[in-house]
Amino acid sequence: MSYFHGCYVNYNYPQLGKDFVKVMNAVGYGVHLLEKEKCCGVALIANGLPKQAKRQGEVNMASMRKAIKQGHPVLTTSSTCTFTMRDEYDHLLGIDNHDVRDSITLATRFLFQLLESGEIKLAFKNDFHKRVAYHSACHMERMGWVPYSTQLLRMIPGIDFVMLESQCCGISGTYGFKKENYERSQAIGHGLFEQIKEVAPDCVATDCETCKWQIRHAA
């Protein structure tokens, strides 16, 4: 399969990409990078720069078409990138993606479908114990894909799984990073942060990188 790594893996947390490759290799799949990849454009869209976002999106679509024609589905590890390329390219940028849209999917969804079909089976060490709380990112909810990630987590022996209430963390992409929006961003996420403190998990899992940053900062 082909991997759209996104800016987060490329610039902020390469280990996620390494982990992705390791997992996919373990279940029998090789991983190729796309011939060319640009930022999905979500930050440009949010900051009123649709023309630049469209130029980048068209590069991504051309690379994905080539990969898909070669029989490679396109996997991602970012719910935001996935939602942008599947649902906002056509809707907001006028990029026709109808021929590739259904071949772009999140890694957790792909893995869940492999398990459901019986193509792969799970095998875990029995010495793993951790209390994990899951935050459902807004883009995950919009796509309806939260159950894929949560069911995968529930399958891991030794995980004490806690589903957090559906609440926005307040970061909204680049919005909450701006000084003038900081207090409002923190106020929006306050209920979520307090709930996390009450649950007291060993870690919080989420499919969104900016949610991760916001939660780590505020909770």
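Every chain's residues receive numbers from 1 upward, in the order its sequence appears when written. Confidence filtering applies because this is a predicted model: local features only for residues at pLDDT of at least 70, side-chain atom pairs given and counted only at 80 or more, and all residues used for totals across whole chains, interfaces and linings. The side-chain quantities take in all heavy atoms of the structure and omit both hydrogens and water.

### As for the nonpolar core
Piece 1. Counting 42 residues, the largest nonpolar core has Met-24, Tyr-134, Met-140, Leu-153 and Leu-192 as the members making the most contacts within it.
Piece 2. In DSSP terms, a helix is any run of H or I states spanning at least four residues, a strand is any run of E spanning at least two, and both are numbered starting from the N terminus. Only helix H2 (14-26), helix H6 (107-117), strand S5 (130-134), helix H7 (138-143), helix H8 (146-154), strand S6 (159-163), helix H9 (182-199) and helix H10 (209-218) provide two or more residues apiece to this core.
Piece 3. The greatest single-element share of this core, amounting to six residues, is contributed by H6.
Piece 4. Setting aside residues no more than four positions away along its own chain, Tyr-134 makes contact with Met-140, Val-146, Ser-149, Thr-150, Leu-153, Phe-161, Val-162, Met-163, Leu-164, Ala-205, Thr-206 and Asp-207.
Piece 5. Ile-45, Ala-67, Met-85 and Leu-93 belong to the second-largest nonpolar core, a separate cluster that totals 17 residues. For this analysis, a nonpolar core means a set of buried residues of the types Ala, Val, Leu, Ile, Met, Phe, Trp, Tyr and Cys, connected via side-chain atoms within 4.5 Å. Here's how the labels work: a residue is buried when its accessible area is under 20% of the maximum for its type, exposed when over 50%, partly exposed in between, all with a 1.4 Å probe on protein chains only. Contacts between residues were defined by any pair of non-hydrogen atoms, one from each residue, lying within 4.5 Å.

### Comments concerning the confidence of the model for the protein
Piece 1. You can read pLDDT as the predictor saying how much it trusts each residue, on a scale of 0 to 100. Across the protein, the average pLDDT comes to 95, with 100% of residues at or above 70.
Piece 2. For the protein, helix H3 (residues 42-46) is the element with the lowest average pLDDT, namely 92, and strand S1 (residues 2-4) is the one with the highest, namely 98.

### A look at the sheet that holds S6
For sheets, the rule is that strands pair by backbone hydrogen bonds, running either parallel or antiparallel.
Piece 1. Think of it this way: DSSP has to see at least two bridges between two strands before they count as a pair. One open sheet holds the three strands; their spatial order is S6-S5-S7, and the pairing between them is parallel. The two strands at the open ends of the sheet, each matched to only one other strand, are S6 and strand S7 (203-205). On average, adjacent strands in this sheet sit at an angle of 30° to one another, irrespective of strand direction.
Piece 2. Helix axes are fitted only over the stretch in contact, all axes being lines through C-alpha atoms; the angle between N-to-C directions runs from 0 to 180 degrees. On the sheet, H8 packs against S5, S6 and S7 and is oriented at approximately 155° with respect to S6.

### What about H6?
Piece 1. Among the 11 residues that make up H6, eight are buried, leaving the element largely enclosed by the rest of the structure.
Piece 2. Contacts from the buried residues of H6 go to H2, strand S3 (74-76), strand S4 (104-106) and H8.
Piece 3. Of the residues trailing H6, Gly-118 is marked for its positive phi of about 85°.

### Some points on unusual backbone geometry
Piece 1. Even without being glycine, Ser-172 reaches a positive phi, approximately 50°.
Piece 2. Locating Ser-172 in the fold gives a position in the loop between S6 and H9.
Piece 3. Positive phi values are uncommon outside glycine, yet Ala-200 reaches one of about 55°.
Piece 4. Position of Ala-200 among the secondary structure elements: in the loop between H9 and S7.

### Focus: the environment of Pro-14
Piece 1. Take Pro-14: it is sitting in helix H2.
Piece 2. Sequence separation of Pro-14 and Met-85 is 71 residues, and the distance between their C-alpha atoms is 21 Å.

### Structural notes on the environment of Asp-207
Piece 1. Looking at where Asp-207 falls in the secondary structure, it is placed in the loop between S7 and H10.
Piece 2. Between the alpha carbons of Asp-207 and Ser-149 there is a distance of 8.0 Å; along the sequence they are 58 residues apart.
Piece 3. Once residues within four sequence positions are removed from consideration, Asp-207 is found in contact with Thr-77, Ser-78, Ser-79, Leu-106, Thr-108, Tyr-134, Met-140 and Ser-149.
Piece 4. Looking at Asp-207, its side chain comes within polar contact range of the side chain of Tyr-134, at 2.5 Å.
Piece 5. Polar contacts, as counted here, are pairs of nitrogen or oxygen atoms within 3.5 Å of one another; within protein the pair requires one atom able to donate a hydrogen and one able to accept it, and residues that are adjacent in sequence qualify only if both atoms are side-chain atoms. At 2.8 Å, the side chain of Asp-207 forms a polar contact with the side chain of Ser-149.

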